[in-house]
Structure formats: C-alpha cells, structure tokens
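One letter stands for each residue in the lines below.
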Amino acid sequence: MIAMLLEDMLGDLGCEVVGPAYALGPALELASSEAPIDVAILDVNLAGRPVYEVADALRARQVPMVFSTGYGQNGLREIDRNVPVLGKPFRATELAEALQAALQV
C-alpha cells in the first residue's frame, strides 16, 4: 500500500517510476542495471533487510538518493549521513523537498 501511495505521489510530481522493488535482490538488480535513474528513494529497511548494498550500487553510479525511514539520521551509516532523509510518515510536499535536496547534492 505504501509503495502504491508513493508511486501516486511521484506521478503527481511528474516523475516516471522505475520499480518499485519490494525486496533486496530486485532492488540491487535495478540499482546495478544500466537503466537511467535520476534519483532513487530507498526504504532503509526493505523487507526486513538493510538496503545499504543498494545505496552503495547507486553511489557507484553517482545516482542521487533519498532514504525513507522512521529512525531519522541516527539509523544511517556514517557514509550516508549526507543523503536526504524522508521521515515516515511523510506528505507529498516533504517528498518533493527531499527529491529536490537529493538532486542538489
């Protein structure tokens, strides 16, 4: 349900959604593919597993990202502390601000 709501919010912002990936394997495949990705939104806890492998793959491709988490900055690795964080629950305006921040980093 949350992924569908996020897709709707992104569509309203004029974004084209690639994915979503509900598990680490498919997310890593998307992140490692050659498909163009302007910005990624990563739930820190993806189906009970940390999403940091995906973040590393995106970072290697220089893809900007936003983390979505209920834990704030404290739940992130040191290397990820400069990535914008979208606290759960969030509104469309907060999503837009986080995407804008990620694209400016």
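Residues numbered from 1 in each chain as written. Predicted model: local features only at pLDDT ≥ 70, side-chain atom pairs only at ≥ 80, totals over all residues. Heavy atoms only, no water.

1. Remarks on the pairing of strand β1 (residues 40-43)
Then, in step 1: The alternating pattern of β1 places A40 and L42 on a buried face and I41 and D43 on a face that is not buried.
Then, in step 2: Across four bridges, β1 lies against strand β4 (residues 65-69) in parallel orientation. Across the sheet, residue I41 finds its bridge partner in β4, namely V66. (Buried < 20%, exposed > 50% of the residue type's maximum accessible area, 1.4 Å probe, protein only. Helix = DSSP H or I, 4+ residues; strand = E, 2+ residues; numbered from the N terminus. Pairing = 2+ DSSP bridges.)

2. Quick notes on helix α2 (residues 24-32)
Then, in step 1: Here α2 has its buried residues at L24, A27 and A31. For α2, the buried positions fall inside an angular range of 65° around the axis, keeping them on one side. (Arc of directions from axis to C-beta.)

3. Concerning the packing of α2 against helix α3 (residues 52-60)
Then, in step 1: In contact at an axis separation of 9 Å, α2 and α3 are set at 5° when each is read in the N-to-C sense. When the axes of α2 and α3 are compared, the pair comes out roughly parallel. The residues of α3 that touch α2, namely those facing L24, A27, L28, A31 and S32, are E53, V54, A57 and L58.
Then, in step 2: Of the residues assigned to the contact of α2 with α3, the class counts are seven nonpolar, one polar and one charged. (Axes fitted to C-alpha atoms, helices over the stretch in contact; angles between N-to-C directions. Parallel < 35°, antiparallel > 145°, perpendicular 65-115°, else oblique. Contact = heavy atoms within 4.5 Å. Nonpolar A, V, L, I, M, F, W, Y, C, P; charged D, E, K, R; others polar.)

4. Comments concerning unusual backbone geometry
Then, in step 1: Following G19, the chain continues to P20 via a peptide bond in cis, the omega torsion being 5°.
Then, in step 2: Tracing the sequence through the fold places P20 in the loop between α1 (2-12) and α2.
Then, in step 3: With an omega dihedral of -10°, the bond running from K88 to P89 counts as a cis peptide bond.
Then, in step 4: Note that P89 resides in the loop between β5 (85-87) and α4 (92-104).
Then, in step 5: Even without being a glycine, A47 presents a positive backbone phi close to 55°.
Then, in step 6: Locating A47 in the fold gives a position in the loop between β2 (45-46) and β3 (49-50).
Then, in step 7: Since its relative accessible area comes to 60%, A47 is described here as exposed.
Then, in step 8: Residues other than glycine seldom take positive phi values, yet Q62 does so here, at roughly 60°.
Then, in step 9: Take Q62: it is sitting in the loop between α3 and β4.
Then, in step 10: The exposure class of Q62 is exposed, given its relative accessible area of 72%.

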